[in-house]
Amino acid sequence: MTLTIRVMLDLLVISFMFSFVVLQQKSSAQSLRLMKCGFDKIYQLGDSLADTGNCIRENLCARRLRSGRFPYGMNFSQKKSTGRCSNGMLIIDFIALGSGLPLLNPYKLQSANFTHGVNFAVAGATALPAEVMAEKKIVNAATNSSLSVQLAWMSSHFKTSTRDRAAKLKKALFLVGEVGGNDFNHGLLQGKTIKELRYMAPEVVQTIIHGVRRVIGFGATQIVVPGNFPIGCLPIYLTKFRTDNSTAYDNHHCLKDLNNFAVFYNYHLQQAIQELKKRYPKITLIYGDYYNAYMWLLSNAVALGFDKSSLQKACCGIGRGYNFDLSKICGSPRVPICTDPNAYISWDGIHLTQEAYKWLARWLINDMLPKLNCQ
């Protein structure tokens, strides 16, 4: 009897490992399939989820944020920060590699090669302009490079670098965001209520949609507009809004109210995208479902190799519960790093690890491929 049970357990382990290998191979294959779309350029607008080095080239942003310091970028061979808010690569990096393209250079690196596209994203950036945020009594102390500023950079870039722009952008992929998340992040961290943020959401959505229209005006024909993550699952908010009320959490131990707000915002963004598609039927316009990609990752994290006891803890951080303290964030003196970042979803309590971004990118590519109608 004991031998039979042992054999059954061995078979179960073998079956699990086989399924996991198949899942990895399938995910890698999906990533490579993006090459069939034939993208020759990628243009990225957004915030810290996509910034590959613009923030560290802005005096204000570089002083306020720590993404220019070790251990950020520790996975790169030169062992120094590239300006990415992670230990390594981001979603946009995996999308570029999956398209057979080099990693995107930041716009602020003026000596860079922009043959295959440009990254305009800036860590801390908002969708709404700084003056509009100020009217709402919300201060962005990191950067004034909002979506409108990034669009102005894009306009300037195209004027100086692209002749016969419309023809040359037919095979380009544009990502308008993720952006808008910081409008709410700054608000939450400065004492705004979820009710107040709900009133802000339509204005943020319309600002993003206006940005998409401008991108279409530049000649873009293939555009992805990502939504927001389930912010109630992030260590920064699990720490800030920690409560002994068990009903405040869902079955993943994420804060329901914050996730419900993210769902509310994402719904309005998707509705606006659908309306825009009616106006531009010849444009491929896709919603990037960051919310469900993250929830898929969280639900399958253990099978994907993440540590069950660390799914909502920061790898680089210090503090009770979620390994996060806003006054002692990653990059600060004597703030430790976990021994295995690949076992963590969260890098610094706000942003994710390279391993998490890798799996999110694979999920997103798989979700986007049918909508891109690539042959």
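Residues numbered from 1 in each chain as written. Predicted model: local features only at pLDDT ≥ 70, side-chain atom pairs only at ≥ 80, totals over all residues. Heavy atoms only, no water.

Mapped onto the fold, Gln-44 is located in strand E1 (residues 41-45). A polar atom in the side chain of Gln-44 sits 2.8 Å from the backbone oxygen of Gly-177. Excluding its chain neighbours within four sequence positions, the residues that come into contact with Gln-44 are Ala-50, Ile-92, Leu-104, Val-118, Asn-119, Phe-120, Ala-121, Leu-175, Gly-177 and Glu-178. (Helix = DSSP H or I, 4+ residues; strand = E, 2+ residues; numbered from the N terminus. Polar contact = N/O pair within 3.5 Å; in protein donor to acceptor, adjacent residues only side chain to side chain. Contact = heavy atoms within 4.5 Å.)

Looking now at the nonpolar core. Nonpolar side chains in soluble globular proteins tend to be buried together. Ranked by internal contacts, the top residues of the largest apolar core, which has 112 residues, are Phe-174, Ile-208, Ile-223 and Ile-345. Discounting chain neighbours no more than four positions away, the residues touching Ile-208 are Ala-127, Leu-147, Val-176, Val-179, Gly-180, Val-225, Tyr-265 and Leu-269. Tyr-72, Cys-338, Tyr-344 and Trp-347 belong to the second largest nonpolar core, which has ten residues in total. (Core = buried A, V, L, I, M, F, W, Y, C linked by side-chain atoms within 4.5 Å. Buried < 20%, exposed > 50% of the residue type's maximum accessible area, 1.4 Å probe, protein only.)

Across the ten residues that make up helix H11 (residues 290-299), a large majority, seven, are buried. For H11, the complete set of buried residues consists of Tyr-290, Tyr-291, Ala-293, Tyr-294, Met-295, Leu-297 and Leu-298. Where H11 is buried, its residues touch helix H3 (91-98), strand E4 (222-226), helix H10 (256-279), strand E5 (284-288) and helix H12 (354-372).

Pairing within the open sheet is parallel, and its five strands lie in the order E2-E1-E3-E4-E5. Looking at the sheet topology across the chains shown, the edges are occupied by strand E2 (117-119) and E5. Geometrically, the sheet is characterised by an average inter-axis angle of 20 degrees between neighbouring strands, direction not taken into account. Bridging between E1 and E2 involves three bridges; their strand directions are parallel. Looking across to E2, one finds that Ile-42 is bridged to Gly-117. Sitting on the sheet, H10 touches E4 and E5, and the angle it makes with E5 is about 175 degrees. (Pairing = 2+ DSSP bridges. Axes fitted to C-alpha atoms, helices over the stretch in contact; angles between N-to-C directions.)

Here helix H7 (residues 181-189) crosses helix H8 (residues 194-218) at 160 degrees, and the two axes come no closer than 10 Å. One element, H7, and the other, H8, form an angle in the roughly antiparallel class. In this structure, the crossing between H7 and H8 has a hand that is right-handed. In this structure, H7 uses Asp-183, Phe-184, Gly-187 and Leu-188 to contact H8, whose residues at the interface are Leu-197, Met-200, Ala-201 and Val-204. Classifying every residue of the contact of H7 with H8 by side-chain character gives six nonpolar, one polar and one charged. (Parallel < 35°, antiparallel > 145°, perpendicular 65-115°, else oblique. Left-handed = near helix turned anticlockwise from the far one by under 90°. Nonpolar A, V, L, I, M, F, W, Y, C, P; charged D, E, K, R; others polar.)

Take it as geometry only, folks, not as evidence of what the structure does.
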